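In case you want the letters, here they are:
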Amino acid sequence: MADKSKRPADMLDGAPTTVEEPGRPPTSFLEVRDLRIHFPTDDGLVKSVDGLSFKLERGRTLGIVGESGSGKSVTSLGVLGLHNRRNAKVSGEIWLDGNELVGASPDQVRRMRGRNMAMIFQDPLSAMHPFYTVGAQIVEAYRIHNDVSKKVARKHAVDMLGRVGIPKPDRRVDDYPHQFSGGMRQRAMIAMALSCDPELLIADEPTTALDVTVQAQILDLIRDLQREFNSAIIMITHDLGVVAELSDDILVMYGGRNIEYGSVDDVFHRPEHPYTWGLLGSMPRLDRERSERLLPIKGTPPSLINLPQGCAFNPRCAYSELTDGKSTVERPELRETAPGHTVACHMAVERRRRIWADEIAPKL
Amino acid sequence: MSTEASRAGEPVDTPPADAPADAAGTDTVAATAAATGTVTGTPVDTVTGTPATGADAPLVVQERAAPQRRGELLLEVDNLGKHFPVTSGAILRRQTGAVKAVDGVSFSVRKGETLGLVGESGCGKTTTGRMIMRLEDPTFGKITFEGHDITRMSQGQLRPLRRDIQMIFQDPYSSLNPRQTVGSIIGAAFRLQGEKPKQGVKAAVQELLELVGLSPEHYNRYPHEFSGGQRQRIGIARTLALKPKLIVADEPVSALDVSVQAQVVNLLEDLQDELDLTYVVIAHDLSVVRHISDRVAVMYLGKIVEIADRNDLYERPMHPYTNALLSAVPVPDPSQRGNRERIRLQGDVPSPLDPPPACRFHTRCWKAQEICKQVEPPLIELSPGHQAACHFPENTTVSATDAVAQSAVAPAGGDLPAAPVHKD
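Residues numbered from 1 in each chain as written. Chains lettered and ligands numbered in written order. Predicted model: local features only at pLDDT ≥ 70, side-chain atom pairs only at ≥ 80, totals over all residues. Heavy atoms only, no water.

What to know about the overall build of chain A
Helix and strand counts for chain A stand at 13 helices and 12 strands. Out of the 364 residues in chain A, the part that is buried amounts to 54%. (Helix = DSSP H or I, 4+ residues; strand = E, 2+ residues; numbered from the N terminus. Buried < 20%, exposed > 50% of the residue type's maximum accessible area, 1.4 Å probe, protein only.)

Re the overall build of chain B
Along the backbone of chain B there are 16 helices and 12 strands. Each of the 424 residues in chain B was classed as buried or not, and the buried ones make up 54%. Taken as a whole, chain B presents about 17,800 Å² of accessible surface, with 52% of it coming from carbon and sulfur. (Areas by Shrake-Rupley, 256 points an atom, 1.4 Å probe, with all protein chains shown as cover.)

Let's talk about the pairing of strand E3 (residues 61–65) of chain A
Side chains on a regular strand alternate between the two faces of the sheet. Residues and elements named next belong to chain A. Counting buried positions along E3 yields 5 of 5 residues, so the element is predominantly enclosed. Where burial is concerned, the two faces of E3 agree: the one with Thr61, Gly63 and Val65 and the one with Leu62 and Ile64 are both buried. Note that E3 and strand E8 (residues 232–236) share 4 bridges and pair parallel. Counterpart to Ile64 in the pairing with E8 is Ile236. Of the strand pairs in this sheet, E3 and strand E9 (residues 249–254) are connected by 4 bridges, and their pairing is parallel. By the bridge assignment, Gly63 is partnered in E9 with Ile250. (Pairing = 2+ DSSP bridges.)

Some thoughts on the packing of aromatic side chains
All names here are of chain A. The final tally for this structure, using the stated rule, is 8 aromatic pairs over all chains. Each ring, one from Phe131 and one from Tyr132, has its centre 5.6 Å from the other, and the planes form 85°; the classification is edge-to-face. Judged by its relative accessible area of 45%, Tyr132 is partly exposed. Between Trp277 and Tyr319 the ring centres are 5.4 Å apart and the planes differ by 90°, which places this aromatic pair in the edge-to-face class. Of the two residues, Trp277 is situated in helix H12 (residues 274–282) and Tyr319 in the loop between H12 and strand E11 (335–338); the sequence distance between them amounts to 42 residues. Grouping residues by exposure puts Trp277 and Tyr319 together as buried. An aromatic cluster is built from Tyr254, Tyr275 and Phe313, whose rings are joined through pairwise contacts. (Phe/Tyr/Trp six-rings, centres within 6.5 Å; stacked < 30°, edge-to-face > 60°.)

Some words on the interface of chain B and chain A
Taken together, the contacts link 45 residues of chain B with 46 residues of chain A. Between chain B and chain A, the buried area comes to about 4,000 Å², and carbon and sulfur atoms account for 53% of it. Counting every contact that joins chain B to chain A gives 3 salt bridges. The partner of Glu245 of chain A in a salt bridge is Arg342 of chain B, with the nearest N and O atoms 2.2 Å apart. For the side of chain B that touches chain A, the elements supplying multiple residues, two or more each, are helix H4 (43–48), helix H5 (56–63), helix H11 (258–275), helix H12 (286–292), helix H13 (310–315) and helix H14 (320–328) of chain B. For the side of chain B that touches chain A, the element with the most residues is H11 of chain B, which contributes 8 residues. For the side of chain B that touches chain A, the class distribution of residues is 17 nonpolar, 14 polar and 14 charged. (Contact = heavy atoms within 4.5 Å. Buried area = accessible area lost by both parts, 1.4 Å probe. Salt bridge = Lys/Arg side-chain N within 4 Å of Asp/Glu carboxyl O. Nonpolar A, V, L, I, M, F, W, Y, C, P; charged D, E, K, R; others polar.)

Some thoughts on helix H8 (residues 182–194) of chain A
Residue and element names in this part refer to chain A. Taking 1.5 Å per residue as the helical rise, H8 with its 13 residues ought to reach 18 Å, and the 18 Å between its terminal C-alpha atoms agrees with that figure. Counting buried positions along H8 gives 11 out of 13 residues, so the element sits mostly inside the fold. Among the residues making up H8, those that are buried are Gly183, Met184, Arg185, Gln186, Arg187, Ala188, Met189, Ile190, Ala191, Ala193 and Leu194. (Expected span 1.5 Å × (residues − 1).)

What about the sheet that holds E3 of chain A?
Hydrogen bonds along the backbone pair up the strands of a sheet, which may run parallel or antiparallel. Residue and element names in this part refer to chain A. If you walk across this open sheet you meet the 8 strands as E6-E7-E8-E3-E9-E10-E12-E11, and the pairing is mixed. Two strands close off the open sheet at either side, each with one partner strand: strand E6 (117–120) and E11. Across the sheet, the axes of successive neighbouring strands diverge by a mean angle of 25°, strand direction being ignored. Relative to strand E10 (residues 257–263), E9 runs antiparallel, the two being bridged by 6 bridges. Bridge pairing links Leu251 to Tyr261 in E10. Relative to E9, H12 is tilted by about 100°, and along the sheet it contacts E3, E9 and E10. (Axes fitted to C-alpha atoms, helices over the stretch in contact; angles between N-to-C directions.)

Thoughts on the sheet that holds strand E12 (residues 386–388) of chain B
Residues and elements named next belong to chain B. The strand order E6-E7-E8-E3-E9-E10-E12-E11 describes an open sheet built from 8 strands, whose pairing is mixed. The open sheet terminates on both sides in strands that have one partner only, identified here as strand E6 (165–168) and strand E11 (380–383). For this sheet the average axis-to-axis angle between neighbouring strands, irrespective of direction, equals 25°. Of the strand pairs in this sheet, strand E7 (residues 246–250) and strand E8 (residues 278–283) are connected by 5 bridges, and their pairing is parallel.

Examining the side chain of His145 of chain A
Position of His145 of chain A among the secondary structure elements: in helix H5 (residues 134–145). Setting aside its immediate chain neighbours within four residues, His145 of chain A contacts Arg110, Arg111, Arg113, Gly114, Arg115 and Cys196 of chain A.

Details of unusual backbone geometry
Notably, Asp34 of chain A is not glycine yet its phi reads approximately 50°, a positive angle. By the secondary structure assignment, Asp34 of chain A is in strand E1 (residues 30–41). Of note, the phi angle at Asn79 of chain B is positive, near 50°, even though the residue is not glycine. Among the secondary structure elements, Asn79 of chain B is positioned in strand E1 (residues 73–88). A relative accessible area of 35% means that Asn79 of chain B is categorised as partly exposed.

Some points on the pattern of salt bridges
Residues and elements named next belong to chain A. Under the counting rule described, the total for this entry stands at 38 salt bridges over all chains. Here Asp107 makes a salt bridge to Arg110, at a shortest N to O gap of 2.9 Å. Of this pair, Asp107 and Arg110 both sit in helix H3 (residues 106–112), separated by 3 residues, roughly a single helical turn. Asp107 gets classed as partly exposed once you look at its relative accessible area, which sits at 41%.

Details of the confidence of the model for chain B
All names here are of chain B. For chain B, the mean per-residue pLDDT works out to 79, and 77% of the residues sit at or above 70. The least confident element of chain B, judged by mean pLDDT, is H4 at 37; the most confident is strand E9 (residues 295–300) at 96. Here residues 1–69 is a poorly scored stretch, pLDDT under 50, and it has 117 contacts once near neighbours within four places are set aside; other chains count. Long-range and interchain partners of residues 410–424, a stretch whose pLDDT sits below 50, account for 18 contacts in this model, where long-range means more than four residues apart. (pLDDT = per-residue confidence, 0-100.)

See below:
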């Protein structure tokens, strides 16, 4: 990657981004290589994630965006090793801080889960056990990874609840989840996830169920905690606003694959994939009046059992004609079009950039 | 609540608060002016991130001017309220309190217009929508539809009206009967109203399917064969079957993916132009509401705190709560990250079981003064077509506010508070 970035941008097209040699530990903190997660069902093989690769460093935030069914959540559960191996076929490599997780024993993964990596789920009411107090659930998580007395663990739980901004934490620690409001439950879950100072935090739609004012509080909290712990964060969301505020890099998923990856600036200001254009065009804007109608993507997300031939996006793509017929035959490879910006599209780079500048950007 | 205040959207030939304006003391004018500007800087900046120079603001407004649909009044809601009783005791159920879900809202909707109702969960926007549909009986207040008072109509009297007022539901998965075909779901509207379309029910249903962008062949399919966006289209087709005049849409797109959401939003707009529909759109997504509405009402704890034309509200919000809501929405533009001044509300919305006295927002408001805890600010017109219920509104220098504050204080016997002191 490093030497490639020195080449001028126009030469970059045509060189597929190489997957690093399998089996060797990477230098990045988190590296996912060619991850595939397939579910055999009666209707056929559901290829939820099909060849996904990305890297993430400590202290950085990666936003994964895409429609429902694009494989975002399956990816995050895969990184945490939460798929039942009896129903899910997982292949590829996930390297976290020098340890490979896909081939590791469930025991090894369990030891890392919670301590090295933790997850914030979308719906805190169903992610917490209704029968135990919030404090007991944090204490349990903490004591599994730390050999401490109940008393110390409880004090830690109170500390954590206080850190995430729950008023009177010494009293609320004995409350049950249903006694908390939605925003407070989400805070409590963040406290639980952070109780062992994980280096990797995966947030799967952490604010989707919340009101905007509470969402703003939670996003601030995540940002502050990242600054404090220097954690790496994977932020999974369908809300491009949240991604724009929090992420350093963005990965756009479609049909279980990475179709565009780049810095937050690249993806919002110089997006090259027609699907990314579609996402940006579909979005009503709060910050300005739109001159025209919304520009939705036509059609619906594809079935993961029967992905369209060639480029998975071609039936919905307004520009599939401009690929010399390749889009229905050949699956486009991810290619680097600018340093750190990769796109999987058959259209020529120049053409993509022209379409973005002339046709798409002015209408947004 | 004054009558001027209660008629939101009435043509504003006579500025209602003009007369008492003269009575306003100059001290309070200065105090309010100071209070409006300084606490958050220029609030328009906090929302758009662009400097609110005089040249900018009108430009934005011109891009899509408010539609010239000043038709006649279709729906009028006056001081409408719904209190749900809370009871205790197993045998003798005594009422021990009431959840004040909606506590006196007033607005009106004109023909061809779209009114957006926004607010956080629990603010009463859905209950308001359900009361307009008469799915929920109001505790007090009055609903007038096309000049008829429908507040206390019996179900039998309401039935002929049902064809004129229809609803689009939030969840396309639970609002369609899984055991009925699309044809019988949409055809039910004709059956229930005893309507016999000229071309026959089947042909009429197929026309509706085409109208909402589905294929007529879908007539014999079941809801589970469709995706979320398609199901929402089926729901919309059913809504449109009897050519309603007013459609109450409760979170019509919030269950949909962003790309599909845009399709449905466009569809709703096209249908409005084509069929001359009037919408009341209830949503929590402020961006969607901005896109779809002509006028927007912001609700907080069962009350409307601000109501104005769409652009007026988003460019120049007057109520601190509106301001806070707008500044909390993440903007999908990374270059604005960090530039935007944010208002962070602390804590949660208080319980509607026991809402704070006077101004309900005062417990979370950074501008709250003594008066906010004692006197409820009435919803009054501060600039043409723009009503807000606040003692210290932003983006306005209209002295009428002070007049109202003063007249509101006078009966309570207290003096006007000294010049407001800013917290933080």
